Amino acid sequence: KLILLDSLLQETFAILNQMAGSSVECPSYKLYYHFGEFAGRGEPVRMLLHLTGTVWEDSCREKQVCGPAAVKQHLVECGEVRGQPLLFPPTLVDHTISPPIAITQLPCIMQYLGEKHGLAGNSLQDRTRALQITMTWNDLLTEAMNAFHPIKLNESYQSQKAEAQPYIEKFLASRLSPFLQFFEDNLRINDGGRGFMIGSSLLFADVAILNMLRGYRGSASQHFQDNQEIPLLKALETRLKEEPGIKSFLGSDRTVNKFLDSFC
């Protein structure tokens, strides 16, 4: 009987260990953004989530939910943030608190993750500058979207490519330069532009600028190559891509490295 009991206990422990080893860890965060073969405003959030080292889910990408209305409806139907106000994607749902909360607006999402995971800055001044840079980048994205989608904002660039050309040319000739100069100047005042955007460590503002440069390169490659006015930003892009966390993300299956138009 003792032998039989010992055998049953060993079998039970083996089953429990197997169950523990195969258990799937629940995500700390869920990102809700359009499914599609484009980086979009979801890509900088993906990168930042990867840098937090937490478990996260790219919900709409995994379930192939596409379109702003469908993304919002999918989030409503999940019931995770019932009763909370929702707007346009991206939306981040934080499951580390109870009840979970939804954060919208790209700069707010990035600031939120930065504050929670030590990627926002050490002082009020640094945190404010990080948010300022990120909000300015978001303004740039809005102008780029309007230039590349002048007829119907929610329709593809390819469907209005001919109509968009004069708007894109005007944007590149007159509107883009002030934004780039602002970013270049911000980088220059931090140790002559030899390190990060702010301070001495990687912050969410660096993620914003890296994805801005990825979008610029992908949407207007010749203009990017010919632009001699942002040497510090171009050097920063090279350095950031070699940062271990970012390099790991760019080499993973979590990235959507397709910047086709609209700077995102």
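Refer to the structure presented above.
Residues numbered from 1 in each chain as written. Predicted model: local features only at pLDDT ≥ 70, side-chain atom pairs only at ≥ 80, totals over all residues. Heavy atoms only, no water.

A. Representation of the nonpolar core within the structure. Core analysis: the largest hydrophobic core is formed by 60 residues, its most contacted members being Phe183, Ile209 and Phe263. Contributions of two or more residues to this core are made by strand 1 (29-32), helix 2 (42-52), helix 5 (106-116), helix 6 (124-148), helix 7 (161-188), helix 8 (204-219), helix 10 (231-240) and helix 11 (244-250). Setting aside residues no more than four positions away along its own chain, isoleucine 209 makes contact with Ile133, Phe183, Met197, Leu233 and Leu236. Core analysis: the second largest hydrophobic core is formed by 9 residues, Tyr32, Cys60, Leu75 and Val81 among them. (Core = buried A, V, L, I, M, F, W, Y, C linked by side-chain atoms within 4.5 Å. Buried < 20%, exposed > 50% of the residue type's maximum accessible area, 1.4 Å probe, protein only. Helix = DSSP H or I, 4+ residues; strand = E, 2+ residues; numbered from the N terminus. Contact = heavy atoms within 4.5 Å.)

B. View of the pattern of salt bridges. In total, this model carries 13 salt bridges according to the counting rule given. Here glutamate 43 and arginine 214 are joined by a salt bridge, their closest N and O atoms 3.2 Å apart. Remark: arginine 214 occurs in helix 8 and glutamate 43 occurs in helix 2; sequence separation between them is 171 residues. Summarising the burial analysis for this pair, glutamate 43 and arginine 214 share the class buried. The partner of lysine 241 in a salt bridge is glutamate 237, with the nearest N and O atoms 3.3 Å apart. Look at lysine 241 and you get partly exposed, because its relative accessible area is 28%. For glutamate 237, a relative accessible area of 3% puts it in the buried group. Shared partners join several salt bridges into a network, and the residues in it are Glu43, Arg46, Asp58 and Arg214. (Salt bridge = Lys/Arg side-chain N within 4 Å of Asp/Glu carboxyl O.)

C. Looking closely at helix 4 (residues 68-78). The complete set of buried residues in helix 4 reads Val71, His74 and Leu75. Buried residues in helix 4, looked at end-on, bunch into an arc of 95 degrees, giving them a common side. For helix 4, exposure combined with an orientation more than 90 degrees from the buried face picks out Ala69 and Glu77. The inward-facing, buried residues of helix 4 abut strand 1, helix 3 (59-63) and strand 3 (91-94). Downstream of helix 4 by one or two residues, glycine 79 has phi in the positive range, about 75 degrees. (Arc of directions from axis to C-beta.)

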